[in-house]
Amino acid sequence: MKDRKPLALFLVIPMFVAASTSAAQSLRQAAQDIGLMVGTAVKPALFSNPDYARTLVRQFNIVEAENEMKWTATEPTRGVFDFRAGDRVVQFAEAHDVKVRGHNLLWGKYNPAWLEKGRFTPDQLRRIMKNHIQMVVRHYRGRVFAWDVVNEAFDSEGHLRHTLWYDEPGIGLAGKGTAYIAQALRWAHEADPHALLFYNDFAADGINAKSDAIYEMVKDFKEQGFPINGVGLQMHVFDPEDVPSNLGGNIGRFTRLGVEVQITEMDVALPLAGHGQASDSQLAWQAIIYRNIAKTCAENPGCTAFQMWGFTDRYSWIPAHTKGKRGAALIFDADYGPKPAYQAVVEAFQRVLKSHPQIKEERLRFERRVAAIGY
Ligand code: G3I
């Protein structure tokens, strides 16, 4: 992949050193000091687990439902909405002064069977899509600060994926490029004019064919005055030998268009030996990857959130997804102990504060400027 480079290039950067002050400072506090939001995907079924809940509220100031605001959860039957699991996320967040990112309103995959197998006409699909987006966004109006409106619409070559929403059969805009994405954004904006609206994708972290296509789309939307506020770069690292290069350049080009960038789903999956454990050197390597990504985001005023796809290795999606071949992808171990990667991210934020003492104000200024430009 042309946006990836061997980790060897990162190794020239000195290993992180655990600063004496950093152990005491939480990730949440270190992020707050530089005006950055720090978040994680959550499973509301685990809020009653004291270790899970305690770690979550001490370390993070954004949460995002890993699955509970997706279409399968919110509209399991046509026209019948179920917000119970998503509401638990919002109630938990509000009780702990944490913000909620919403994920997601429209995706070509993992939709309920009634929708995938319904053989709807474009006209019916258009109505189903509008109703879904607006019911969900209205339900969470004022309580979800940002939505991933459309998820993973491009393939690795930068072409639009063939999906129900685009051209199989689509909502009547098949062959019209990103018009269906613009339509989704407009409907979401009508339902909550104050929510920040994001396009979110994976493997678009560096500069490559997919991120080029997203860039062209965002540029076009900004020129046409369509409501888009940000781009989510998921940052799933599957091969620690092959991490995105030029993340900074990619963030920079998007933010120059007047949109925010958020790292939305970071994890670093390690290849596990037969015993299922990562070695110390793998964990040190993983820490370097986390630190570099965290630093790149933190020092760029247009990168407004750094979020991971879970926080404890006990509940990561990676082992199930890789049939146990990879794992240990997050910053806390299965017993909620901080891993070297945790320390590395805290320290990256602390160092950015030292090297860019004005970063918090710069980030605030960026957010205000982008909000003032509008659409
Ligand atoms: O809850 C059911 C359970 O009742 C059933 O027995 C079991 C049998 O398969 O499935 C369970 O649901 C699974 C759900 O995760 C909860 O664990 C679904 O099958 C499974 O498809 C679903 O996977 C999720 C996947 O998105 C698809 O929605 C993963 O947890 C979630 O981590 C993953 O997240 C995505 C982001 O939304 C977008 N970016 C990539 C990221 C990782 O794939």
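Keep in mind that this is a model prediction, so the values were computed, not measured.

Re the overall build of the protein
Turning to step 1, where the next piece is worked out: When helices and strands are tallied, the protein shows 14 helices and 13 strands.
Turning to step 2, where the next piece is worked out: Against the 2.2 N^0.38 benchmark of 21 Å for 375 residues, the protein shows a C-alpha radius of gyration of 20 Å, consistent with a compact globule.
Turning to step 3, where the next piece is worked out: A burial count over the protein gives 57% of its 375 residues as buried.
Turning to step 4, where the next piece is worked out: Considering only contacts in the protein between residues 6 or more positions apart, those separated by 24 or more positions represent 78%.
Turning to step 5, where the next piece is worked out: About 15,300 Å² of surface is accessible on the protein, with carbon and sulfur atoms providing 53% of the total.
Turning to step 6, where the next piece is worked out: Distance from the positive charge centre (44 side chains) to the negative charge centre (42 side chains) of the protein: 2 Å.

Some words on the packing of helix 7 (residues 122–139) against helix 8 (residues 179–191)
Turning to step 1, where the next piece is worked out: Interaxial distance between helix 7 and helix 8 falls to 8 Å at its minimum, and their mutual angle equals 40°. Relative to helix 8, the element helix 7 is oriented oblique. The two elements helix 7 and helix 8 meet at a crossing, and its hand is right-handed. Residues R126, M129, K130, I133, Q134, V137 and R138 of helix 7 touch helix 8, and the partners they reach there are Y180, Q183, A184, W187, A188, E190 and A191.
Turning to step 2, where the next piece is worked out: Looking at side-chain class alone, the contact of helix 7 with helix 8 contains eight nonpolar, two polar and four charged residues.

Observations concerning the side chain of H103
Turning to step 1, where the next piece is worked out: Its place among the elements puts H103 in strand 4 (residues 99–107).
Turning to step 2, where the next piece is worked out: Within the structure, H103 has its side chain in polar contact with the side chain of D148 (distance 2.9 Å).

Some words on the pairing of strand 3 (residues 62–65)
Turning to step 1, where the next piece is worked out: Here strand 3 shows two buried faces, one formed by I62 and E64 and the other by V63 and A65.
Turning to step 2, where the next piece is worked out: Pairing of strand 2 (residues 37–42) with strand 3 involves four bridges; the strand directions are parallel. Considered in strand 3, the bridge of V42 is made with A65.
Turning to step 3, where the next piece is worked out: Taken together, strand 2, helix 3 (residues 50–59) and strand 3 constitute a β-α-β crossover, and its handedness is right-handed.
Turning to step 4, where the next piece is worked out: Sheet topology note: the strand 3/strand 4 ladder contains three bridges and is parallel. Bridge assignment links V63 to a residue of strand 4, and that residue is V100.

The rules behind these values
- Residues numbered from 1 in each chain as written.
- Predicted model: local features only at pLDDT ≥ 70, side-chain atom pairs only at ≥ 80, totals over all residues.
- Heavy atoms only, no water.
- Helix = DSSP H or I, 4+ residues; strand = E, 2+ residues; numbered from the N terminus.
- Rg over C-alpha atoms; globule rule 2.2 N^0.38 Å.
- Buried < 20%, exposed > 50% of the residue type's maximum accessible area, 1.4 Å probe, protein only.
- Contact = heavy atoms within 4.5 Å.
- Areas by Shrake-Rupley, 256 points an atom, 1.4 Å probe, with all protein chains shown as cover.
- Lys, Arg positive; Asp, Glu negative; His and termini not counted.
- Charge placed at Lys NZ, Arg CZ, Asp CG, Glu CD.
- Axes fitted to C-alpha atoms, helices over the stretch in contact; angles between N-to-C directions.
- Parallel < 35°, antiparallel > 145°, perpendicular 65-115°, else oblique.
- Left-handed = near helix turned anticlockwise from the far one by under 90°.
- Nonpolar A, V, L, I, M, F, W, Y, C, P; charged D, E, K, R; others polar.
- Polar contact = N/O pair within 3.5 Å; in protein donor to acceptor, adjacent residues only side chain to side chain.
- Pairing = 2+ DSSP bridges.
- Right-handed = clockwise from strand over helix to strand, strands pointing away.

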